[in-house]
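# Structure at a glance
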Amino acid sequence: MTHTSNRTISDAVTAETIATAGEVAPEAVARYAVGLGDDALILAQRLGAWIAHAPELEEDVALGNIALDQLGHARSFLTYASSAWGKTEDDLAYFRDESEFFNRQLFEQPNGDFAQTIARQLVASVYFDGLYRALSLSADPTLAAIAAKAVKEVDYHVDHSVQWLLRLGLGTEISNERMQRGLDAVWPFVAELFSVDPLSENLAGIAVDPASLQADFDRVVLPAIVDAGLTVPTAPAARGGGRSGVHTEYLGPLLAEMQVLARAHPEATW
Amino acid sequence: MSVRAANTDEGTVDEAGAARFAELLANEQRVEPTDWMPEGYRKTLIRQISQHAHSEIIGMQPEGNWITRAPSLKRKAILMAKVQDEAGHGLYLYSAAQTLGIDRETMFDQLITGAAKYSSIFNYPTPTWADMGSIGWLVDGAAICNQVPLCRASYGPYGRAMVRICKEESFHQRQGFEILLHLMRGTEAQRAMAQESVNRWYAPALMMFGPPDDDSPNSRQSMAWNIKRFSNDDLRQRFVDMLVPQAEILGVTLPDPHIKWNEERGHFDFGDLDWTEFHEVLAGNGPANTIRVARRREAHEDGAWVREAARAYADARAAEAGASQKIAS
Ligand SMILES: [Fe+2]
Ligand SMILES: [Fe+2]
C-alpha cells in the first residue's frame, strides 16, 4: 500500500493529473487496471464510430459524450497502469497485440444497428455503474479516485440507455423487433462480466469481486427490459476469456484500425 | 419550403415596423424575432444561417474520418470533442434559423437532397492525420475571421449563437495549430506530412471568404443590413496577415511565392487564387461533394425507424398523460 492521499489525486482526476502525480502502481494493481482500462477504451473506440452517423444530431452529441467519458476513464486507468512499467497510456493502447488486450468480450462486439448499440450500452453502463461504485471504496487511492469521478458520469449513461430501451421497445413494431434482436445479440456476453477476473487475484480490498455486482445489475436491467415490452434473452453464455486475452473475431480489425497510424511511426510523438 | 411571414402579410408594408427596423439598424441594436423585418432580410438570414448550420454538420465528416485512427489517446479525445462541438454548433444555428419561421426538418431535407449549399471547404478529403492540424489551423482559423464580426450581426439569435460558437472555434484553431506544431517538431516523416497537408489546404481556406468583392453580388445588401460587417477581400487580407507569422512559428511554408510584406499598405501581399477551381467545387465537382451529402443522407435514412419510434413513444406518453388528466378532473 502506498500513502498517496486522495488530495494529491483530487476529485477531477484525469490521465494528466495521474501522470503528473507520478504515483507508481504496484504490478498486480497495474495488471488489474489494464483490464478496466481496456474495457472502457474498446467501448469508446466502438462508440466513436457513431459520431456523424447517428440517427439524429442530438444522438451524435449524446453518443459522443458517452464515448468521451469512457475514453477519459480508459486513459486514467491505462496511465496509472503504465506507471508500473515506466510506460505511457499510448504504449499500452497502441503497441500491444490482440492477445495482450484484456477487455471483456462484450465491449468489442460490433455496433450493429442503433438498437444493438443501445443494448450493448445498457449492459455496459449498468455494469460500469456498479463496478465504479464499488471500486470508489478501493484501498488503492488512485483506483478509488478514478472510479469516484467515473461513477458520476456513468449515471447519465445509464439513463440514456434506459430511455432509449423504452422508446425502442415501446415505439413501433419495427423498433421493438430490432431492440429485441439487439438484446439477443449482446446477451451471450453478459455472463462474462460477472465471472472470475484472473487479473484481480490477491487484490482483496483493492479489486472488486465481479460476482458481487450481478444482483444489482439484474435488479436494474431485467425489469427495464420487461417494462420496455421486451423479453429477457435466454441464449447461452459465450465462452468468454477476455481477461486472459482471448477474443472474438471482432477485436483484431478494431485494433488494426485504431493502431495503424501510431504503428506506422513508432518513433513519433503526437 | 415553409417560410412564413411572421408578423406582416407578405406584400403589405408595416410603416411603423419599417421605421423601427431602420432605427434599430441605425443605432446598432439587435433585431429580435418578434420585430418587424423586411422579407428580403428574413430570407437572406434564413439562407445564411441554414447554410452555416449545414456547414457545421457536413464539417463533422472530414474530421470524424480520423476519430478511430487518431495516433494518441489524448488526440483522440480532443478530436472527438471537436467533432461533437461542430454538431452542437449546427444545433444552435438550426435553432436560430427556426426563430425566422423555417423548421429544422425542412432545412435538413434541403441538406440531404443536395438542394442546400454548405461551405465547399468540406468537399476536400482528409487523407492524412496532418489534415486534422490543417483543418483546425486554417479552416477553423478562416471561420473565426469570418465569424467574429458576425457576433455583431443585427439579428439577435444569430449574433448570440455566434458568440458561443466563436469561443469554441478559437479553441479548435489552437488545437489544430498544436497538432501541426507537434508534427513540425517531430520526425522527418511527420514534418513532410504537415507541409504536404498545408500545401493542400492553404488556397481552399483562403477561398472560404468567398469570391473577390467585385464578383460578390449579395455582399452590399448584407452590409447595409448589418449582417455582414467586412467585405470578402478585407477578411481574406486579415486572415493572411494572421497566418504569415504563425506559419513562421510552425516552420511551414505557405504555398504562395507572392507572399511579401508591403510596407506601404501595412499588409502582406499575396498571389491570385485559382477561382475556376473554386467554382468547380462549388458546382459540385469537388473531390468529395457526393460522398459528404450521401453519408449524411445515409445516416438520416438508416435512422428513420429510430426517430419514428421516438415519436410514437412520445405521442403515446402524451396521450396517456392527457387521458389520466381527464380522469382526474
Ligand atoms: Fe463549428
Ligand atoms: Fe470548429
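Residues numbered from 1 in each chain as written. Chains lettered and ligands numbered in written order. Predicted model: local features only at pLDDT ≥ 70, side-chain atom pairs only at ≥ 80, totals over all residues. Heavy atoms only, no water.

This part is about the overall build of chain B. Regarding its fold elements, chain B presents 13 helices and two strands. For 329 residues, the compact-globule estimate of 2.2 N^0.38 gives 20 Å, and chain B sits close to it at 22 Å. Dimensions along the principal axes, computed over C-alpha positions, put chain B at roughly 75 × 50 × 30 Å. Counting across all 329 residues of chain B, residues that qualify as buried make up 54%. (Helix = DSSP H or I, 4+ residues; strand = E, 2+ residues; numbered from the N terminus. Rg over C-alpha atoms; globule rule 2.2 N^0.38 Å. Buried < 20%, exposed > 50% of the residue type's maximum accessible area, 1.4 Å probe, protein only.)

Looking only at helices and strands, chain A features nine helices and zero strands. Helices and strands appear in chain A in the N-to-C order α-α-α-α-α-α-α-α-α. A compact globule built from 270 residues should have a C-alpha radius of gyration of about 18 Å, and chain A, at 18 Å, falls within 12% of that. Principal-axis analysis of the C-alpha atoms gives chain A an extent of 55 × 40 × 35 Å. The buried share among the 270 residues of chain A stands at 58%. Considering only residue pairs separated by 6 or more positions, chain A has 82% of its internal contacts joining residues 24 or more positions apart. In the structure as shown, chain A presents an accessible area of about 10,500 Å², 54% of it carried by carbon and sulfur atoms. (Contact = heavy atoms within 4.5 Å. Areas by Shrake-Rupley, 256 points an atom, 1.4 Å probe, with all protein chains shown as cover.)

Residue and element names in this part refer to chain B. The coordination sphere of the iron ion (ligand 1) contains the protein donors Glu56 (OE), Glu86 (OE), His89 (ND1) and Glu169 (OE), at a distance range of 2.0 to 2.2 Å. In this structure, the iron ion (ligand 1) is surrounded by four donor atoms whose angles at the metal cover 85 to 137 degrees, and the resulting shape is irregular. Here the donor residues of the iron ion (ligand 1) are spaced in sequence according to E-x29-E-x2-H-x79-E. Taken as a pair, the iron ion (ligand 1) and the iron ion (ligand 2) lie 3.4 Å from each other and share Glu86 as a ligand. In this pair, Glu56 is assigned in helix 2 (residues 39–58) and His89 in helix 4 (residues 73–98), connecting sequence segments 33 residues apart. Neither Glu56 nor His89 differs from the other in exposure class; each is buried. (Donors = N, O, S within 2.8 Å, 3.2 Å for Na, K, Ca; no water. Tetrahedral: all angles 85-135°; square planar, octahedral: opposite > 155°, others 65-115°.)

Here we come to the packing of aromatic side chains. The relative placement of two aromatic rings is captured by the distance of their centres and the angle of their planes. Residues and elements named next belong to chain A. As enumerated under the stated definition, the model contains 19 aromatic pairs over all chains in all. Taking 6.4 Å as the distance between ring centres and 40 degrees as the angle between the ring planes, the aromatic pair formed by Phe107 and Tyr127 counts as tilted. With a gap of 20 residues between them, Phe107 in the loop between helix 4 (89–94) and helix 5 (114–135) and Tyr127 in helix 5 connect regions that are remote in the sequence. Each member of the pair, Phe107 as well as Tyr127, carries the same accessibility label: buried. Members of the aromatic cluster, connected to one another through ring pairs, are Phe77, Phe107, Tyr127, Phe128, Tyr132, Phe194 and Phe217. (Phe/Tyr/Trp six-rings, centres within 6.5 Å; stacked < 30°, edge-to-face > 60°.)

Of the residues lining the interface, 50 residues belong to chain A; the matching set on chain B comes to 44 residues. At the boundary of chain A with chain B, total buried surface from both sides reaches about 4,000 Å², with 70% on carbon and sulfur atoms. The tally of links from chain A across to chain B stands at two salt bridges. Note that Asp60(A) is salt-bridged to Arg296(B), the shortest N-O span being 2.9 Å. For the pair chain A and chain B, the interface holds 13 residue pairs in polar contact (both at pLDDT 80 or more). (Buried area = accessible area lost by both parts, 1.4 Å probe. Salt bridge = Lys/Arg side-chain N within 4 Å of Asp/Glu carboxyl O. Polar contact = N/O pair within 3.5 Å; in protein donor to acceptor, adjacent residues only side chain to side chain.)

Residue and element names in this part refer to chain B. Throughout the structure, instances matching the rule amount to 24 salt bridges over all chains. The partner of Glu178 in a salt bridge is Arg75, with the nearest N and O atoms 3.4 Å apart. Residue Glu178 is located in helix 7 (residues 156–184), and its partner Arg75 is located in helix 4; the two are separated by 103 residues in the primary sequence. Relative accessible area serves as the criterion here: at 32%, Glu178 is assigned to the partly exposed category.

Our next topic: helix 8 (residues 214–227) of chain A. Residues and elements named next belong to chain A. Taking 1.5 Å per residue as the helical rise, helix 8 with its 14 residues ought to reach 20 Å, and the 20 Å between its terminal C-alpha atoms agrees with that figure. Those residues of helix 8 that sit buried are Phe217, Val221, Ala224 and Ile225. For helix 8, the arc enclosing every buried residue in end-on projection is 100 degrees, short of the 170-degree limit, so these residues lie on one face. With respect to the buried face of helix 8, the exposed residues turned more than 90 degrees away are Arg219, Val226 and Asp227. Taken together, the buried residues of helix 8 touch helix 5, helix 6 (141–170) and helix 7 (173–186). Looking one or two residues beyond helix 8, the residue adopting positive phi is Gly229, at roughly 75 degrees. (Expected span 1.5 Å × (residues − 1). Arc of directions from axis to C-beta.)

Taken as a whole, helix 5 (residues 104–112) of chain B has its buried residues at Thr106(B), Met107(B), Phe108(B), Gln110(B), Leu111(B) and Ile112(B). Positive phi shows up at Gly114(B), right after helix 5 of chain B, with a value of about 80 degrees.

Our next topic: the packing of helix 5 of chain A against helix 6 of chain A. Residue and element names in this part refer to chain A. It is at 7 Å that the axes of helix 5 and helix 6 come closest, and there the two elements cross at 150 degrees. Crossing hand, helix 5 versus helix 6: left-handed. Along the lines of polarity and charge, the residues of the contact of helix 5 with helix 6 split into 19 nonpolar, five polar and three charged. (Axes fitted to C-alpha atoms, helices over the stretch in contact; angles between N-to-C directions. Left-handed = near helix turned anticlockwise from the far one by under 90°. Nonpolar A, V, L, I, M, F, W, Y, C, P; charged D, E, K, R; others polar.)

On to the coordination of the iron ion (ligand 2), then. All names here are of chain B. Protein coordination at the iron ion (ligand 2): the donors are Glu86 (OE), Asp140 (OD), Glu169 (OE) and His172 (ND1), at 1.9 to 2.3 Å from the metal. Coordination at the iron ion (ligand 2) is irregular: its four donor atoms span angles of 84 to 149 degrees at the metal. Mapping the donors of the iron ion (ligand 2) onto the primary sequence yields the spacing E-x53-D-x28-E-x2-H. Judged by its relative accessible area of 5%, Glu86 falls in the buried class. A relative accessible area of 4% places Asp140 in the buried class.

On the secondary structure map, His52(B) appears in helix 2. Apart from residues lying up to four places away in sequence, His52(B) is in contact with Leu93(B), Gln147(B), Tyr158(B) and Met162(B).

This part takes up the confidence of the model for chain A. Of the residues in chain A, 96% have a pLDDT of 70 or more, and the chain-wide mean is 94. Low pLDDT, under 50, characterises residues 1–10 of chain A; the stretch is placed with eleven contacts to residues that sit more than four places away or in other chains. (pLDDT = per-residue confidence, 0-100.)

Time to look at the environment of Ile165(B). All names here are of chain B. Position of Ile165 relative to the elements: it lies in helix 7. Linking Ile165 and Gly88, residues 77 residues apart in sequence, is a C-alpha distance of 8.8 Å. Setting aside chain neighbours within four positions, we find Ile165 in contact with Glu56, His89, Tyr92, Leu93 and Gln147.

Moving on, we get to the side chain of Gln180(A). All names here are of chain A. Within the element layout of this structure, Gln180 appears in helix 7. Within polar-contact distance, the side chain of Gln180 engages the backbone nitrogen of Thr231 at 2.8 Å. Each residue touching Gln180, except ones within four places of it in the same chain, is listed here: Leu230, Thr231 and Pro233.

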